[in-house]
Every structure is written in C-alpha cells, then in structure tokens.
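A structural walkthrough
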Amino acid sequence: METETINYQSKYGPNTNFQFPTDEDTQYLKTSTGEVLPYKLFSGRNDADPNSALLREKDNQGYANDFALVERQFSENKSLSFMAGTKVSDVNDVAWLFRALEDEAVEHTFALYKFKDDSYLVQHLSTGGITSTVVDLRLLTGNVFKMQPESITLVHNHPSGQLISSKHDRMLLQRLHEIFDHTGIKVEDGIVINLRSGKYLVFNGDLGSDQALELSVQNQQQRKVSTFSFNKQIFAANYQPFKINSPEDTAAYISSQKFGLSDKTEAIILNNANDIVGKFILPQHRQFEKLTELMTIHAGTGVILYGNNVNEQMYKEYREKLELMGFTALDAILLESGNYHSLYEKTKINVYNHLVDKFSKNQLNAEPIVGVSENNLNNSYSKNFRNMEEPPQKDYVKLFIDDSEGNTKHEFEISLTEDDKVNYSQIASKIQLYRKPEDHVLLFVGGELLTYEGNEETEKIIDSLKSLFLPDEKKRSNLFSQSNFHSRFKEEMDATRSGFSIDDIIGEPSIKDYAKMNGDDLTQHLNKNKEYFNNQTPNIMETQK
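Residues numbered from 1 in each chain as written. Predicted model: local features only at pLDDT ≥ 70, side-chain atom pairs only at ≥ 80, totals over all residues. Heavy atoms only, no water.

1. Topic: the sheet that holds strand β19 (residues 328–336)
The strand order across the open sheet formed by seven strands is β3-β17-β16-β18-β19-β20-β21, and the pairing between neighbours is mixed. Either end of the sheet is taken by a strand with one partner, and the two such strands are β3 (67–68) and β21 (347–349). Pairing between β19 and strand β20 (residues 339–342): four bridges, direction antiparallel. Bridge assignment links Ile333 to a residue of β20, and that residue is Ser342. Relative to β19, helix α7 (residues 312–325) is tilted by about 165°, and along the sheet it contacts β16 (265–270), β18 (302–307) and β19. (Pairing = 2+ DSSP bridges. Helix = DSSP H or I, 4+ residues; strand = E, 2+ residues; numbered from the N terminus. Contact = heavy atoms within 4.5 Å. Axes fitted to C-alpha atoms, helices over the stretch in contact; angles between N-to-C directions.)

2. Looking at unusual backbone geometry
Positive phi, close to 50°, is recorded for Gln148, a residue that is not glycine. Mapped onto the elements of the fold, Gln148 is located in the loop between α3 (141–147) and β9 (151–157).

3. Some words on the side chain of Asn143
Along the chain, Asn143 turns up in helix α3. Here Asn143 falls in the buried class, since its relative accessible area comes to 0%. (Buried < 20%, exposed > 50% of the residue type's maximum accessible area, 1.4 Å probe, protein only.)

4. Considerations on helix α5 (residues 247–255)
Most of α5 sits inside the fold, with nine of its nine residues counted as buried. Within α5, burial applies to Pro247, Glu248, Asp249, Thr250, Ala251, Ala252, Tyr253, Ile254 and Ser255.

5. Observations concerning the confidence of the model for the chain
A residue-level look at the chain finds 68% of positions with pLDDT of 70 or above and a mean pLDDT of 75. When the elements of the chain are averaged for pLDDT, helix α9 (residues 374–377) gives the smallest value, 32, and strand β10 (residues 186–187) the largest, 97. Confidence drops under a pLDDT of 50 for residues 473–503, and excluding neighbours within four residues, the segment shows 76 contacts in the predicted structure. The low-confidence segment residues 525–545, where pLDDT is below 50, has 25 contacts with residues more than four positions distant or belonging to other chains. (pLDDT = per-residue confidence, 0-100.)

6. Overview of the pairing of strand β4 (residues 70–76)
Where burial is concerned, most of β4 is hidden: six out of the seven residues are buried. Where β4 meets strand β15 (residues 227–235), six bridges bridge the pair, whose relative direction is antiparallel. Paired with Val70 across the two strands is Phe235, which belongs to β15.

7. Overview of the pattern of salt bridges
Under the definition given, this model contains 16 salt bridges. Taking the shortest distance from any N to any O, the salt bridge between Arg138 and Asp136 comes out at 2.9 Å. Taken individually, Arg138 and Asp136 each receive the classification buried, so the pair is uniform in this respect. The network of salt bridges with shared partners includes Lys146, Lys290 and Glu293. (Salt bridge = Lys/Arg side-chain N within 4 Å of Asp/Glu carboxyl O.)

8. Concerning α7
Here α7 contains 14 residues, and its C-alpha end-to-end distance of 20 Å stays within 8% of the 20 Å for a straight helix at 1.5 Å per residue. Every buried residue of α7 is accounted for by Met314, Tyr315, Tyr318, Arg319, Leu322 and Met325. End-on, the buried residues of α7 take up no more than an arc of 125°, which puts them together on one face. You can read the cap of α7 off the contacts: a side-chain oxygen lies 3.2 Å from the backbone nitrogen of Gln313, and it is on Asn311. Downstream of α7 by a residue or two, Gly326 has a phi angle that is positive, lying close to 105°. (Expected span 1.5 Å × (residues − 1). Arc of directions from axis to C-beta. Polar contact = N/O pair within 3.5 Å; in protein donor to acceptor, adjacent residues only side chain to side chain.)

This is how it looks when you write it as structure tokens:
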C-alpha cells in the first residue's frame, strides 16, 4: 500500500504540480517541418499580477505527490537570422544552415537536434567574446533526453577565420560523447564555420581529426529558420521554497513526508541557492534520463536522491554522469527501518524535531514514514538535553552550535569509533563548516561538557580538541587535507555551481594548438614568434587554453 505525501501544497496552496497550465493561446516548440515538440514557448504573460516584475503563470488546481516551483521554457532568439531548407541530411546541410555566422565578430555556439525524418531544431547555447564562449551543458542535456532526437551536432564559429579546432573544442565534444554513450542518441562531429574561404571545419574529439570541407549550395527551397534559446523561466504563483542548509535539513525534510512501503526512488531538486524547487518520484525505466530532464527543465543544479532501494553503486554512477553535465548529486539517503543513512558520508543522519518543524509549520507536513512508530523515527536528544540529569553515553558525543542569543542553530549526534583520528575529524569538521565567528560551541563527551564562547576563534577551538582526542602528536591525522573534511553542501555546491570548468570553454585555437596541428616542436614554434607573443596582451580566456 502506498500513502500520498502531505506536500508543499498543503502549506502554501496549489502550485504547478510540475505541469504549468495551458490554454488556447499556448504556443509550442516545433521542428523545422512544423511537428510539435513537448515544450511550451515562453509567452511573457503574467496572469498572477500584471504589475509584477516577476514572471509567473497561473497556478494549477490539482494536487499530487510531486511538485515543481519553477519551469524553464524556450523562447525564439531573433538576434541571428538563418535561411535553409526544412531537412538536414548531411554535414553540408548543417554548415549551409549556419553560413551567416561568417559575418559575426564574436563567437556563438549552437546545438542542432536532428530527428528521424531529417527535420531539425536549432538551440542557441551561448554568445561569447572574440576568441571564446562558455557552454553550459545543463541547458542542453535534459532537453536532448526529453526530445529524443536521432543525433545532435555542436556548431560554432571562429571570428578570426581559423579552421583549426582548439583543445577545448575537442574536450567539449568528448564530454558530449561520454554523456550520450549507450543512449541511442548520436553525437555528430563538431562544425566550425568560416566561409570566407568557401570552407568549413569538421572535427571530432581526437587531435588531428580536423577536416576542411568545401561548402556546396543546398538544393532545397529556402525559408527562415527559427532559432530558440532555453533562457526563460516561470514560477509557481505561491513561490515560497524550503531551503536546505545541511544534511540534517535533508533528513528532516524527508521525515516530514509520508513514504510508501513499495520500492522506489525519489529526488529532491535544488537550485543554486539551495532552495527546493521540486520533488519527484523517479520512474524505474530510463530513470537517469528522466532525472536529468527534470533538473534541466525545473531549474535544478543539485539533487539529493532518497528511497528504500538506493545503493552506493547507483549513487556513484549517477554522480559521475551528472558531473559531466555540470550538475551535482549531493547525496543519496537510504531509508531503512526508520533510519536515514547518507551514502555520501557513509553514516547515519539524525532527525531533529526542531528541524522537522521548520518544514512543517502547524504540523501540516509532520508525518512519519508509514510502518514506523514515531518513537523510533526520531530518537535524537532534544535541545533540553543540557538540562537533563543523566549524562550522555560515552559511545557518542553531542555537539551544539548556538547563536549569540543562545538559540541552537545546529546540533549533531556523532558516533565515536575506536579510531581517535576519525572522531577528531568528524567533530572538527562540523565545527569548521557550520560555526560562524560569533557562535557558541557546546560539546558533551564522556559525561563532560566543554564550552567555547563566541569570542574564541574557530581554529583555536579545533586545536583544543587535539588534547582530548589526539594527546600524542604522532597520532595526528592530516585533517585539513582530507576530503571528508569538506561539506558536500558547501564545497561541492560552491565549486560546481559558481562557474564553469575550462572544459566548458570552446573557442579559437591557441598557439599550442597550432604547434600540435602543424607537427612543430613547441619550443621552436614559440621561439619563432617570441617577440610577438611576449608583447601581446593575453585574452582572459586565452590564459586557460
């Protein structure tokens, strides 16, 4: 038996139900031959409040377990104009379509979706500077899985006219091959446009694969080609998302939802601000593809998986695949006998009443997991623990981080092991990651209470713990170089979401690319151009090539 979730709507009223409404005026994305695709075109309508600067659509009156608070939509990009036929049968047809790029002074990148009937769709991915542009694959991959084209082609221009692929051109194409490997969707060779020579470049992910081909006139009736950008978003009328600040927040949020007894996997989608923008039950068939699709469409950058059938192998595979696209699998929570096990940290996460209340004001969402008693669901100590007469057991410690007013912001129950280095690492990492300079720290361990006031530096607090756990200096672990010191909710989000790796930058070939393509010894090549190379101010992106 499966029980419905007491969900977001019960607190804030109806929302999108992850399907924003349609009516007779709704416009849809279409292929070059007019076939309707499962995407709505952004209309710019604001049915909730005509005077609001925030773009919204009408809310949906339906209720369901799953919900989404944001939906990205395509809009027509009219900044570039192309003329071509309605079908693309070969690489020449694609190059012909984008021939107008030869006049552009900055780089543009496009993806061409080719369908089985040779119809197509053009998505504009980015516009950059004179030597490079940044491509965000998070705006592409989920759409490819949803539209299921026969193939995709990456097209961009080199304003200088150089028909040589750069290192980053090839690296990006390699990533696309990895992402869509074994999916049935073909990644075609990349194309670089420069038709002043009457030629265009075709390349794959391998060095030395460049081919300059002659452009021939397309033998089809020419028409205007619509180009689309995935650059608009609409919000639920009652957009008040919950925020996840810690692993304990995740466990508390999950505990505020009912979860059926059947085997299933669910996903909490978070945006760049750690707001929950959607929750979904994932299908058993094509689960990863559906997850990518949901994250792309519903403005996600990170995801937390949970369920009674998640496992380490599944989490590892999903994590690695999502990283290729720029998404982050923050954690996978295994629900087992009323307990919450983090597969990332490989430890149990406790559920605290005051955090559950955060996600369930007026008890609207405070529902235990079906089949588990409330007593067993949350066996953590309350904030009143410090007033209890009985000291804590010695096989774990209690850590409280309070604000300057004495209100508990974070509390942790950390199991002790026989390895003092591990104990020290776990406690110190929590303090380092969650304490602000003005916060107080209270630590119950071995029946003793250690207190640190807000005027004490965090590093000094951590150092003082060494006398408790690491009295012998020779036993010190190299804590600050260990990966488990860093929080998945801080380091990974910041590093992954704040920008792009150099793999996402494509653009003009560098001097090193020239040397490799020409078979020259790099030292000789640099010496031949030493005076010019030293006097030229490097482009900000050129320094990364």
